[in-house]
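Report on the structure
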Amino acid sequence: MEESKIHGKYFINSKESIIQDSLIGQCLTNENIVYYPEYNFIYDKSILKTNQVRLVCGGGSGHEPAHGGFVLDGMLTCAVCGDIFSSPSCANIIKAIEEIYSDSGVIVIVKNYQGDIINFSLACELFKSKNKKVEMIIVDDDISLANQNEIKDEKLKMFNKRRGLCGTVLAYKILGTLAKQYYTFEEILEFARNIIPALYTCGVSVTT
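Residues numbered from 1 in each chain as written. Predicted model: local features only at pLDDT ≥ 70, side-chain atom pairs only at ≥ 80, totals over all residues. Heavy atoms only, no water.

Right, let's get into helix H3 (residues 114–129). The periodicity of an α-helix, 3.6 residues per turn, causes residues three or four places apart in sequence to face the same way. In this model H3 runs 22 Å from its N-terminal to its C-terminal C-alpha over 16 residues, within 8% of the 22 Å that 1.5 Å per residue would give. Inspection of H3 places Asp 116, Asn 119, Phe 120, Ala 123, Cys 124 and Phe 127 among the buried residues, and these make up the whole buried set. Taken down its axis, H3 places every buried residue within 130 degrees of arc, on the same side. Across from the buried face of H3, at angles greater than 90 degrees, the exposed residues are Gln 114 and Ser 129. Looking one or two residues beyond H3, the residue adopting positive phi is Asn 131, at roughly 60 degrees. (Helix = DSSP H or I, 4+ residues; strand = E, 2+ residues; numbered from the N terminus. Expected span 1.5 Å × (residues − 1). Buried < 20%, exposed > 50% of the residue type's maximum accessible area, 1.4 Å probe, protein only. Arc of directions from axis to C-beta.)

Another aspect to go through is the nonpolar core. Leu 76, Ile 107, Ile 109, Ile 137 and Leu 175 are the most contacted members of the largest nonpolar core, which totals 30 residues. At the level of elements, helix H1 (18–29), strand S3 (33–36), strand S5 (54–61), strand S6 (78–84), strand S7 (106–111), strand S8 (134–139), helix H5 (167–180) and helix H6 (185–195) are the ones that each hand at least two residues to this core. The next biggest cluster of nonpolar side chains, apart from the first, holds 20 residues, and it includes Val 56, Val 106, Phe 127 and Val 134. (Core = buried A, V, L, I, M, F, W, Y, C linked by side-chain atoms within 4.5 Å.)

Another aspect to go through is the environment of Gly 176. Within the secondary structure, Gly 176 is located in helix H5. Given the relative accessible area of 2%, Gly 176 is considered buried. As for Gly 176 and Val 71, which are separated by 105 residues in sequence, their C-alpha atoms are 9.9 Å apart. Filtering out sequence-adjacent residues up to four positions away, Gly 176 remains in contact with Leu 55, Gly 74, Met 75 and Ala 171. (Contact = heavy atoms within 4.5 Å.)

Here we take up the pattern of salt bridges. By the definition in use, this model includes 5 salt bridges. Linking Asp 73 and Lys 180 is a salt bridge whose minimum nitrogen-to-oxygen distance equals 3.0 Å. Taken together, the residues span a long stretch of sequence, with Asp 73 in the loop between S5 and S6 and Lys 180 in helix H5 at a distance of 107 residues. Assessed through its relative accessible area of 40%, Asp 73 is described here as partly exposed. (Salt bridge = Lys/Arg side-chain N within 4 Å of Asp/Glu carboxyl O.)

On to the packing of aromatic side chains, then. Geometrically, a pair of aromatic rings is defined through the distance of the ring centres and the angle of the planes. In the structure shown here, the tally under the stated rule is 6 aromatic pairs. Ring geometry for Tyr 36 against Phe 41: centres 4.8 Å apart, planes inclined by 15 degrees, an arrangement best described as stacked. Phe 41 shares its class with Tyr 36; the two are buried. Their ring planes at 50 degrees and their centres at 5.3 Å tell us that Phe 70 and Tyr 172 sit as a pair that is tilted. In this pair, Phe 70 sits in the loop between S5 and S6 while Tyr 172 sits in helix H5, placing the two residues 102 residues apart along the sequence. When its relative accessible area of 18% is taken as the criterion, Phe 70 is described as buried. Put simply, the rings of Tyr 36, Tyr 39, Phe 41 and Tyr 43 touch in pairs and so form one group of aromatic residues. (Phe/Tyr/Trp six-rings, centres within 6.5 Å; stacked < 30°, edge-to-face > 60°.)

And the structure:
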C-alpha cells in the first residue's frame with residue numbers, strides 16, 4: 001500500500017478511502033468478484049452463471065472483512081456496503097439486487113439494526129410490488145435480549161434491540177451451501193426460519 005500510514009492498530013491509506021480500498025482488495029484476491037464503486041457493492045460473477053438462489057447481505061462498514069469478505073462461492077452472492085457504521089442507501093441496495101437478480105429468487109439477509117431493516121425492507125418491497133421473488137430475513141442472535149421470533153406482542157418487537165452478530169456468518173454458510181446445491185427459494189427460506197431462532201451469540205470483552 002503506497003503512502004500507507006499506521007493509525008493505531010490499523011493499516012490504512014486514508015480514512016476517506018478505507019471502504020473502497022477494502023472492496024478493491026476483495027477483487028484482487030478473487031477474480032470472480034466484481035465491484036461497483038458508485039454503488040458500493042460487490043458480487044460474485046461466477047454465481048450469476050447459474051440459476052441458483054441469490055443471497056444478499058450488507059450494512060455499515062467498519063467491521064471488515066464483513067460484509068464483502070463473505071462474498072464467494074457457497075456463501076453470499078452480493079454484499080452492499082454502507083459508510084462507516086451506517087446502513088447502505090435504499091438506492092444502492094436496489095441497484096445491487098437488480099444486478100444479481102435471478103428468477104430463482106433473492107434472499108436478503110439483514111442483521112437486526114434499525115437502519116438496515118428500514119433500507120433493505122424498502123428495497124425488497126419495491127421488487128415484491130413488481131412480482132419479483134425477493135424476501136428478507138432478519139438475524140438477531142445476540143443473547144442479551146429476547147429472540148425476535150419469541151415476542152408475540154407486535155408493539156414490543158419495535159423495541160427489541162437484539163443485534164445480529166457472529167451467528168449471521170453461520171447463516172451465510174448454511175444458506176449459501178443450500179443455494180449451491182440448488183435448493184429452491186422456498187426451501188431455503190424454510191431452513192432460514194428454522195435456524196435463525198437457534199442461533200445464539202454471547203459477546204465477551206476482556207478489557208473495558
